[in-house]
Amino acid sequence: MLTGETSPYLKSYTTADGITVVTPHIPRHSNGPQITRAQRKLVDGLVDGLDGTPALLWYYTPMALPFSRHLSAELCIYDNMDELSSFRGAPPRLMALERELLRRADVVFTGGQSLYEAKQHRHRNIHPFPSSIDKAHFGKARHLHSPSPDQDEIAGPRLGFFGVIDERMDLNLVDRMAALRPDWQFVMIGPVVKIEAAGLPRRPNIHWLGGRDYKQLPSYLAGWDVGIMPFAKNDATKFISPTKTPEFLAAGVPVISTSIRDVVRPYGQLGLVEIADDAEKFIARAEHLLARPKDDWLRKVDRHLAGMSWISTWEGMLSLIAETRERHTSSQHAINASESSYV
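These lines cover the structure that appears in this document, whether it is placed above or below. Here the structure is a predicted model, which means the values were calculated and not measured.

### Observations regarding the pattern of salt bridges
- Under the counting rule described, the total for this entry stands at 15 salt bridges.
- One salt bridge connects E117 with R265, and the closest N-O pair in it is separated by 3.3 Å. Taken as a pair, E117 in helix α3 (residues 113-119) and R265 in helix α9 (residues 261-268) lie far apart in primary sequence, 148 residues in all.
- When its relative accessible area of 30% is taken as the criterion, R265 is described as partly exposed.
- Across the pair R176 and E280 runs a salt bridge, and its minimum N-O distance is 2.9 Å. With R176 in helix α6 (residues 171-180) and E280 in helix α10 (residues 279-291), this pair connects stretches of sequence that are 104 residues apart.
- According to the relative accessible area criterion, R176 is partly exposed, its value standing at 40%.
- Given a relative accessible area of 41%, E280 falls into the partly exposed group.

Structural data, given as structure tokens:
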């Protein structure tokens, strides 16, 4: 975080779950090398305050390497949630840093099946973990009887989206759908990032409500007749595994998506999500969903979601971490035994 302060510092707090969150604050006037040096100094001070060597170095982005590559740990993990190099504004050195991180990492997780398939030959110990779901949280939408106050004045039927609004969204598709059905309302929730808000399509039946807190989402979903995921087909969406897919389903909201691979497989193939790539097909699928009874579909949804949870995702990751650590320990014992035979 860049601030108006004159010296870098760390600010921390502990969550109700006992997790300590530490945020670096860097003077706003700092240039690239100064930021890296400040981050390294801050992370060194943080590690010095720990008892012993860190058990894990867990990377979500290779861009953290310049200020942390000198650190030692029992294991290094690369949690590759997205193909960050394909996003708008990605730093030019990101791909080189990722190659370095893949060499360094002991185990790699990917945020979806398609991303795993693209990178499975780049690491010896790589595993896919598609988006999971907090069923209890989003399931609240099935039992709420009134939408959020700023939806009360929006007539139905309502088609809704929630998430970051950036280069991954097909704005022309949204505009065309709204033009084809001026009597339908399109509720769009999320912050506008990396694109100009002035470029968003403006029609009386498109409602850009801005960002909302995670806790508020079920109350919005409760007021939607259909969920939409109008993702563009571009480099930034080639490997995404949208978390909102199972979130819509847990909320009991029928959903239509463009043909994103990790949505088509498995959700489209199982008949849980409708797939459409142009406005006319989106409208046709929405008309079908608005007329279709939901009971049979909800039973299929619940059977599929029954085996999904973030806890099971974590348990799967933890098991692979333990296996990797055990192999390291066995290898180290073998090396020590080999060295001692020469003494």
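### Re the packing of α6 against α10
- Axis separation between α6 and α10 bottoms out at 9 Å; the angle between their running directions is 55 degrees. The angle between the axes of α6 and α10 places the two elements in the oblique class. Every pair of crossing elements has a handedness; the one defined by α6 and α10 is right-handed. Note on element contacts: α10 touches α6 through A279, E280, F282 and I283, opposite L173, R176, M177 and L180.
- Residue composition of the contact of α6 with α10, by class: 6 nonpolar, no polar and 2 charged.

### As for the sheet that holds strand β4 (residues 56-59)
- Spatial strand order, β4-β5-β6-β7: 4 strands in an open sheet with parallel pairing. Each end of this open sheet is capped by a strand with a single partner; those strands are β4 and β7 (126-128). On average, each strand axis in the sheet is tilted by 20 degrees relative to the strand beside it, whichever way the strands run.
- Bridge count for strand β5 (residues 75-80) against strand β6 (residues 107-110) is 4 bridges, and the pairing is parallel.

### Some words on α6
- Residues of α6 that are buried: L171, L173, V174, M177 and A178. Projection of α6 onto a plane perpendicular to its axis shows the buried side chains occupying an angular sector of 160 degrees, all on one side.
- At its buried positions, α6 is contacted by β9 (185-189), β10 (206-210), β11 (226-229) and α10.

### So, the packing of aromatic side chains
- For the structure on display, the rule yields 9 aromatic pairs.
- Between W58 and W314, the aromatic rings sit 6.0 Å apart at their centres with planes inclined by 35 degrees, giving tilted as the arrangement. Residue W58 is found in strand β4, and its partner W314 is found in helix α12 (residues 310-340); the two are separated by 256 residues along the sequence.
- Owing to a relative accessible area of 25%, W58 belongs among the partly exposed residues under this scheme.
- Both rings, one in F138 and one in Y214, keep their centres 5.5 Å apart while their planes meet at 85 degrees; by these two values the pair is edge-to-face. Of this pair, F138 sits in helix α4 (residues 135-139) while Y214 is found in the loop between β10 and α7 (217-221), placing the two residues 76 residues apart along the sequence.

### Details of the nonpolar core
- Counting 56 residues, the largest nonpolar core has L221, W224, I228 and L249 as its most contacted members.
- Filtering out sequence-adjacent residues up to four positions away, I228 remains in contact with L159, G160, F161, M177, F186, M188, F248, V255, I256 and F282.
- Counting residues in hydrophobic clusters, the runner-up holds 17 residues, among them V43, F67, L97 and L102.

### Here we look at the sheet that holds β11
- Spatially, 6 strands are ordered β10-β9-β8-β11-β12-β13 in an open sheet, and the strand pairing comes out parallel. Each edge of the sheet is formed by a strand with only one pairing partner; in this case those strands are β10 and β13 (274-275).
- Those strands touched by α6 are β9, β10 and β11, and its axis lies near 135 degrees from that of β10.

### Quick word on the side chain of E167
- Residue position: E167 is located in the loop between β8 (158-162) and α6.
- A residue is classified by how much of its surface remains accessible, and E167, at 11% relative accessible area, is buried.
- Within the structure, the side chain of E167 is placed 2.8 Å from the backbone nitrogen of R88, a separation counted as a polar contact.
- A polar atom in the side chain of E167 sits 3.3 Å from the side chain of K194.
- When neighbours within four sequence positions are excluded, E167 is seen to be in contact with F87, R88, K194, I195, A232, N234 and A236.

What counts, and where the lines are drawn
- Residues numbered from 1 in each chain as written.
- Predicted model: local features only at pLDDT ≥ 70, side-chain atom pairs only at ≥ 80, totals over all residues.
- Heavy atoms only, no water.
- Salt bridge = Lys/Arg side-chain N within 4 Å of Asp/Glu carboxyl O.
- Helix = DSSP H or I, 4+ residues; strand = E, 2+ residues; numbered from the N terminus.
- Buried < 20%, exposed > 50% of the residue type's maximum accessible area, 1.4 Å probe, protein only.
- Axes fitted to C-alpha atoms, helices over the stretch in contact; angles between N-to-C directions.
- Parallel < 35°, antiparallel > 145°, perpendicular 65-115°, else oblique.
- Left-handed = near helix turned anticlockwise from the far one by under 90°.
- Contact = heavy atoms within 4.5 Å.
- Nonpolar A, V, L, I, M, F, W, Y, C, P; charged D, E, K, R; others polar.
- Pairing = 2+ DSSP bridges.
- Arc of directions from axis to C-beta.
- Phe/Tyr/Trp six-rings, centres within 6.5 Å; stacked < 30°, edge-to-face > 60°.
- Core = buried A, V, L, I, M, F, W, Y, C linked by side-chain atoms within 4.5 Å.
- Polar contact = N/O pair within 3.5 Å; in protein donor to acceptor, adjacent residues only side chain to side chain.

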